[in-house]
Amino acid sequence: MLKVFAKIFLLMLVLCLRLRGSENPFTILDEKSPNFPMGQQTRRGLLIKVPDHPDMSISLGARLQGSVEAKEGAGAWVGDFYARRIRLEFGANLSRQIFYYMDFRNDQANKDETGEGNTVIGNTYFQVKELFGLPYLNFQGFRGKIDVSRITTASSGQQLYYDRPLIALSAQQYAMPNRRAPNFQLFGSYEGKIRYQVAVGDGVTSSSFFDARGVAAISITRQDPMFGGKIVLSPIPGWEEKDRTMTYFGRGHHAAIGVGYFRNNAILFTPKTGADVTRTDRSLLNIESSFAWGPLFLCAEYFKFNGMIENYNASTVNPGSSDGWYVTGEYVLPDFYYLAPFFKYERWDRFREAAGYFVESYAAGANLYLMGNSFRAGLVGQRDHLEANVGGRTETVVKMISQVHF
């Protein structure tokens, strides 16, 4: 891991030195950013303009999210220090219409007793903008996010609380692994009033094909391609949602509501060793709403999972459904060092056709936006209650969280 990151850093350094003599090739500050206690927020990546190609630019960025936590369960407290996100990000505008992006990541490094973990490639995609000259018609190919939910589409660097709701994390595995298996998309926005995405791509893998208890299948024999889409409306004139973010820093206003549907048919899988090959058809429904007005931001989403399997290890494979929702929000105090209290609450029935699958989670805390999302810190407490078939425990965790992101 360290060798890979060192090589990438040296490549960035060489590129910067070669462009040093050019006229103002570097841009880093977010021009629309307010002045935080430690200065303006930076862009998502250092923007390097290419002198001999006016439509070309390169962005280089990094993200580090650190957590220090104390967790209580079964009558004992356990401490842990780990890096939730370690990422290097690279983007390039190859022309006015063509954009390429990729990132290297080593997430959850040193969490519990897992050690450093592995460096992998996360997103890696290209975009062709304004197909046929239409500003609302864009194409994207390969490993990019499908919009299974608002909170998972918004970057981890723009979350109120780094740990997304449990139900949203399950949704991002339900149609395809980590909502970014190879896929092709058409997407766009019409004046911020209508935002859409349609996608087709690779489906689930055996390692991400979980039953209601969170156990993965042994193998998948075949499946049809995943397909689906999302549409988001901003119905109030002047209240259009410009960006898919969770952090607004107490500025502006928007109101939006959306619905998404994704389907994965004819999944033939082996639930456990020695079992017969079984078929299921999966679908995921997502309904989202969000609202921002000055210092107040609220977001809520509902999920419905069809084709859920209760227990791969049971003698009979029992199909059913799962559903639930969450709500989260914050209130920013710009005149008090950009302190922002926030909360999150979720309810999730992981298998509606049987008892003992209910999950409930509460979280509350406060962020301190010292330099927006570029440099921030926070403190949060969370309490999770899991019924007998999904863990059978009540767990409390207190975390100190921090982020450096440019």
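Coordinates for the structure precede this section.
What comes next concerns the included structure. The structure displayed is predicted, hence computed values, not measured ones. Here the residue numbering is sequential within each chain, running from 1 through the sequence in written order. Local features are withheld for residues below a pLDDT of 70 in this predicted model, meaning they are given only at 70 or higher, and side-chain atom pairs are given and counted only at 80 or more; totals for whole chains, interfaces and linings count all residues. For side-chain calculations, the full set of non-hydrogen atoms in the structure is used, while hydrogens and water are omitted.

What to know about the side chain of Ser-208
Right, on to step 1. The helix and strand labels rest on DSSP assignments: H or I over at least four residues marks a helix, E over at least two residues marks a strand, and numbering proceeds from the N terminus. Inspection of the secondary structure puts Ser-208 in the loop between strand S11 (194–201) and strand S12 (219–222).
Right, on to step 2. A residue is classified by how much of its surface remains accessible, and Ser-208, at 4% relative accessible area, is buried.
Right, on to step 3. The residues contacting Ser-208, other than those within four sequence positions of it, are Gln-173 and Pro-177. Only protein chains enter the accessibility calculation, which uses a 1.4 Å probe; a residue is then buried when its area is under 20% of its type maximum, exposed when over 50%, and partly exposed in between. Contact criterion: two residues are considered in contact whenever any of their non-hydrogen atoms come within 4.5 Å of each other.

Focus: the environment of Gly-79
Right, on to step 1. Turning to its location among the elements, Gly-79 is positioned in strand S6 (residues 76–93).
Right, on to step 2. The spatial distance from the C-alpha of Gly-79 to the C-alpha of Tyr-302 is 33 Å, given a sequence separation of 223 residues.
Right, on to step 3. Setting aside its immediate chain neighbours within four residues, Gly-79 contacts Glu-69 and Ala-70.

Examining the pairing of strand S7 (residues 98–105)
Right, on to step 1. As paired elements, S6 and S7 share seven bridges and run antiparallel to each other. Bridge pairing links Arg-87 to Arg-105 in S7.
Right, on to step 2. Note on pairing: DSSP must find at least two bridges between two strands before they are called paired. The turn linking S6 back onto S7 is made up of four residues.
Right, on to step 3. Summarising the sheet, S7 and strand S8 (residues 120–128) pair through seven bridges and their orientation is antiparallel. Each residue of the ladder has a partner; that of Met-102, found in S8, is Thr-124.

Things to note about the pairing of strand S21 (residues 393–405)
Right, on to step 1. Alignment of strand S5 (residues 57–73) against S21, held across 10 bridges, turns out to be antiparallel. What sits directly across from Lys-71, in S21, is Val-397.
Right, on to step 2. What sits between the antiparallel neighbours strand S20 (residues 375–386) and S21 is a turn of six residues, in which Gly-391 has the positive phi angle 130°.

As for the packing of aromatic side chains
Right, on to step 1. Side-chain rings of Phe, Tyr and Trp, where Trp is taken by its six-membered ring, are said to pair if the distance between their centres is within 6.5 Å; with planes under 30 degrees apart they count as stacked, over 60 as edge-to-face, and otherwise as tilted. Evaluated as defined, the whole model comprises 24 aromatic pairs.
Right, on to step 2. Ring geometry for Tyr-248 versus Phe-297: centroids 5.3 Å apart, planes at 40°, classification tilted. Of the two residues, Tyr-248 is situated in the loop between strand S13 (226–233) and strand S14 (253–270) and Phe-297 in strand S16 (residues 296–309); the sequence distance between them amounts to 49 residues. With respect to class, Tyr-248 is no different from Phe-297; both count as buried.
Right, on to step 3. Linked through ring pairs, Tyr-174, Phe-303, Phe-305, Tyr-326 and Trp-348 together constitute an aromatic cluster.
Right, on to step 4. Two conditions define a charge sitting above a ring: the NZ of Lys or the CZ of Arg must be within 6 Å of the ring centre, and it must be within 35 degrees of the ring normal. The ring of Tyr-174 has Arg-282 lying over it, and the distance from NZ or CZ to the ring centre is 3.9 Å.

Honestly, it's all geometry; don't read function into it.
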